[in-house]
Amino acid sequence: MKRKFVTYAFLLFAAIVQAQTDRQFTINLTDDGKANMVCFLAENPTGRAIVGVPGGGYSMLSNTHEGTQAHDWMNQQGISYFVVNYRLPHGNRSIPIGDVEKGIRTVRDSATQWHINPHDVGIMGFSAGGHLSSVISTLSDFDVRPDFSILFYPVISMDVPKSHKWSCINFLGEEGHKDAKLVKQYSTNNAVRRHLTPPAIIITASDDDLVNPVTNGLEYYKAMRKAGNECTLYVYPTGNHGFGFGPWFKYHDQMLNDLGNWLKNRQTPKQDAIKVACVGNSITDGHGIDFAPANGYPAQLQKLLGDNYWVKNFGVSSRTMLNKGDHPYMSEMAWKDAVAFKPDIVIIKLGTNDSKPENWQYNAEFKQDLQQMITTLRPDLVQPAKKKGKKSKKTAIKNKGPKIFLCTPIPALKPSWNINDSIIANNIIPIQQEVAKEYNLEIIDLYSLFGDGKETMLDDGIHPNGKGAKKMAEIICEAIKN
């Protein structure tokens with residue numbers, strides 16, 4: 001009788017666990033079915049989704065313990081899970097990249113139907129699949145870049161002496177892996193971008209003798225930490241290579257606990273959050289502020305606005321509004337991302353670096369470049385036509401894009417890096433005011449409201465310190481809420 005009860009209890013438990021998967025099906029990602037995606041929808045979805053990318057050295061797919069075997073655990077966490085069986089590159093890297101990108105795009109496009117938050121779609125890759133996941137996380141366009149990355153013992157370097165030889169050759173090709181430019185480009189520690197590369201967790205074993213964690217996973221961690229991006233690294237004492245979700249891994253339970261806690265503590269934007277894009281130079285980026293992604297003005301703004309808003313930092317140091325400046329902002333990946341983010345509100349804070357004499361020599365083009373930025377964000381805004389002898393007629397403004405706030409630069413207390421406060425005050429700000437009036441935009445006068453900067457600036461006299469970042473956030477928050 002006791003044995004029957006135990007058997008019944010086991011079967012009941014198995015049924016409960018199995019019930020965590022609401023539906024399983026396969027979608028072809030190519031017409032011929034050579035690339036497909038196995039889908040495991042969670043019965044009680046939290047809105048989170050993870051796209052799995054198996055390893056195999058780009059010569060095969062280890063899609064059980066590095067793929068489908070994870071679905072039970074994922075679904076029990078309320079995570080819908082998708083395994084991409086991508087085509088092998090045979091030297092053509094665009095093939096697997098395209099397959100995984102299509103998988104992510106499919107998940108986001110089906111978000112409503114599958115009860116997924118499109119802002120909470122992560123990627124999880126193993127070994128060569130970890131490399132492929134890091135490529136998508138760093139080099140792919142914004143719409144297919146994941147919101148977070150889970151990298152198991154990843155290949156990161158494409159330099160054969162530092163990495164797994166056949167992963168490098170199979171991905172880049174017999175000739176490509178000898179091309180120093182390609183090797184550098186696809187060694188993804190070189191592709192990490194501040195604010196733009198999604199948060200990551202790296203899971204590896206110290207005794208991995210196939211993919212050296214020191215020259216691969218650790219290099220990615222170092223690049224992320226140097227950029228100030230969120231990144232977590234777990235190195236288990238043993239386990240070698242390829243343990244994946246296999247129960248034979250000595251630290252299997254500990255690994256699941258570590259990964260589960262990391263996922264549980266991730267802050268996810270609400271699906272209907274008001275999206276705020278902070279566009280700007282080093283002052284937006286957070287230069288000189290320790291761990292700026294968590295402490296710069298956009299991060300402070302997020303805290304003030306609360307979880308009904310989603311604030312993203314698209315600041316890049318040294319950048320100019322001028323397209324002929326030494327480092328034009330609109331040539332940056334950050335600008336492309338800011339537009340693709342499809343924000344509801346945009347905070348534009350550029351102009352400080354334009355005041356340098358080497359940049360201000362092109363001052364005649366400052367207004368038109370600012371207008372280009374505005375009309376790229378809002379194509380419905382047309383510059384008012386000016387007719388001789390008549391008042392200009394403004395085109396009716398329809399709300400077809402984000403609300404745009406133009407911020408004046410904060411005062412430059414010192415001429416560091418040739419930045420000229422007189423040019424800012426007497427030339428740049430009047431142009432910003434003129435353009436704001438023409439397009440019926442709100443202007444935030446940081447130059448006046450920020451104050452003398454005695455307690456709120458770094459020693460360079462250009463960048464705000466932590467107090468200054470908070471003050472900027474408070475001024476901008478008030479403008480948004482009003």
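Conventions we followed
Residues numbered from 1 in each chain as written. Predicted model: local features only at pLDDT ≥ 70, side-chain atom pairs only at ≥ 80, totals over all residues. Heavy atoms only, no water. Helix = DSSP H or I, 4+ residues; strand = E, 2+ residues; numbered from the N terminus. Rg over C-alpha atoms; globule rule 2.2 N^0.38 Å. Contact = heavy atoms within 4.5 Å. Areas by Shrake-Rupley, 256 points an atom, 1.4 Å probe, with all protein chains shown as cover. Lys, Arg positive; Asp, Glu negative; His and termini not counted. Charge placed at Lys NZ, Arg CZ, Asp CG, Glu CD. Pairing = 2+ DSSP bridges. Axes fitted to C-alpha atoms, helices over the stretch in contact; angles between N-to-C directions. Buried < 20%, exposed > 50% of the residue type's maximum accessible area, 1.4 Å probe, protein only. Arc of directions from axis to C-beta. Polar contact = N/O pair within 3.5 Å; in protein donor to acceptor, adjacent residues only side chain to side chain. Phe/Tyr/Trp six-rings, centres within 6.5 Å; stacked < 30°, edge-to-face > 60°. Lys NZ or Arg CZ within 6 Å of the ring centre and 35° of its normal. Core = buried A, V, L, I, M, F, W, Y, C linked by side-chain atoms within 4.5 Å. Salt bridge = Lys/Arg side-chain N within 4 Å of Asp/Glu carboxyl O.

Explain the overall build of the chain to me, using residue names and the numbers behind them.
Looking only at helices and strands, the chain has 17 helices and 13 strands in total. Whereas a compact globule of 482 residues would reach a radius of gyration of roughly 23 Å, the chain reaches 25 Å, a difference of no more than 12%. Dimensions of the chain along its principal axes, counting C-alpha atoms only, are 95 × 50 × 50 Å. In the chain, the share of contacts with a sequence separation of at least 24, taken over all contacts with a separation of at least 6, comes to 75%. Put simply, the chain shows about 21800 Å² of open surface, and 50% of that area lies on carbon and sulfur atoms. Across the chain, the 54 positively charged side chains and the 48 negatively charged ones have centroids separated by 5 Å.

How would you explain the sheet that holds strand β7 (residues 200-205) if you had to name every residue and give the values?
Spatially, the eight strands line up as an open sheet ordered β1-β2-β4-β3-β5-β6-β7-β8, and their pairing is mixed. Strand pairing shows two members of the sheet lacking a second neighbour, β1 (21-28) and β8 (231-236), which therefore form its edges. Averaged over neighbouring strand pairs, the angle between their axes works out to 15° when direction is ignored. Bridge analysis of strand β5 (residues 121-126) against strand β6 (residues 148-152) gives five bridges, and the strand direction is parallel. Note on β6: the bridge partner recorded for Met124 is Ile150. Across the face of the sheet, helix α4 (residues 128-139) comes into contact with β3 (49-53), β5 and β6 while running at roughly 145° to β5.

Please provide a residue-by-residue account of the sheet that holds strand β9 (residues 274-280), values included.
Taken in spatial order, the five strands line up as β10-β9-β11-β12-β13 in an open sheet, and their pairing is parallel. In the strand order of this sheet, the two ends are held by β10 (309-315) and β13 (442-444), each with one partner. Here the strands of the sheet are splayed against their neighbours by 20° on average, with no regard to which way each runs. One ladder, built from three bridges, connects strand β12 (residues 403-407) with β13; its direction is parallel. Following the sheet pairing, Cys407 is matched in β13 by Ile444. Lying on the sheet, helix α14 (residues 366-377) is in contact with β9, β11 (345-349) and β12; it crosses β12 at an angle near 155°.

Kindly report on helix α7 (residues 217-227), identifying the contributing residues and their values.
For α7, the complete set of buried residues consists of Gly217, Tyr220, Ala223, Met224 and Ala227. Relative to the axis of α7, the buried residues are bounded by an arc of 130° and lie together on one face. Tucked inside the fold, the buried residues of α7 contact α4, β6, β7, β8 and α10 (292-295). One or two positions beyond α7, positive phi appears at Gly228, with a value near 85°.

Help me get a handle on the side chain of Thr30, residues and values and all.
Following the sequence through the fold, Thr30 ends up in the loop between β1 and β2 (36-42). Of note is the side chain of Thr30, whose polar atom sits 2.7 Å from the side chain of Asp32. Other than its neighbours up to four places away in sequence, Thr30 contacts Ala35, Arg87 and Asp99.

Talk me through the packing of aromatic side chains; I want residue IDs and the actual numbers.
Enumeration over the complete set of coordinates arrives at 24 aromatic pairs. An angle of 55° between the planes, with centres 6.4 Å apart, marks the rings of Phe126 and Tyr153 as tilted. Of this pair, Phe126 sits in strand β5 while Tyr153 sits in the loop between β6 and α5 (165-172), placing them 27 residues apart in sequence. According to the relative accessible area criterion, Tyr153 is buried, its value standing at 1%. For the pair Phe314 and Phe341, a centre-to-centre distance of 5.6 Å together with 55° between the ring planes defines the contact as tilted. Of this pair, Phe314 sits in strand β10 while Phe341 sits in the loop between α12 (333-340) and β11, placing them 27 residues apart in sequence. Through successive ring pairs, a cluster of aromatic residues spans Trp73, Phe126, Phe152, Tyr153, Tyr234, Tyr236, Phe243, Phe245, Phe249 and Tyr251. Cation over ring: Arg266 sits above Trp262, and NZ or CZ is 5.7 Å from the ring centre.

Please give an account of the nonpolar core that cites residues and values.
Looking at soluble globular proteins, one finds that nonpolar side chains tend to be buried together. Residues Tyr329, Ile348, Met373, Ile374 and Leu406 are the most contacted members of the largest nonpolar core, which totals 40 residues. In terms of residues, this core owes the most to one element, helix α15 (residues 421-438), which gives seven residues. Sequence-distant contacts of Ile374, defined by excluding residues within four places in its chain, comprise Leu381, Ile404, Leu406, Val435, Tyr439 and Leu441. Judged by nonpolar contacts, the second largest core, of 35 residues, contains Ile97, Ala111, Phe171 and Val183.

Pulling in residues and values, what's your account of unusual backbone geometry?
Even without being a glycine, Tyr58 presents a positive backbone phi close to 60°. Mapped onto the elements, Tyr58 comes out in the loop between β3 and α2 (71-76). A positive phi angle, near 70°, is found at Asn418, a position not held by glycine. Looking at the element boundaries, Asn418 is found in the loop between β12 and α15.

Describe the pattern of salt bridges, and please don't skip the residues or the numbers.
Tallied over the full model, the rule gives 16 salt bridges. Asp141 serves as the salt-bridge partner of Lys336, at 3.2 Å between the closest nitrogen and oxygen. Here Lys336, found in helix α12, pairs with Asp141, found in the loop between α4 and β6; they are 195 residues apart in sequence, far enough to count as distant. Judged by its relative accessible area of 51%, Lys336 is exposed. Its salt-bridge partner being Arg266, residue Glu230 comes within 3.9 Å of it at the nearest N-O pair. Taken together, the residues span a long stretch of sequence, with Glu230 in the loop between α7 and β8 and Arg266 in the loop between α8 (252-264) and β9 at a distance of 36 residues. Residues joined in a network through salt bridges with shared partners are Lys367, Glu434 and Glu438.

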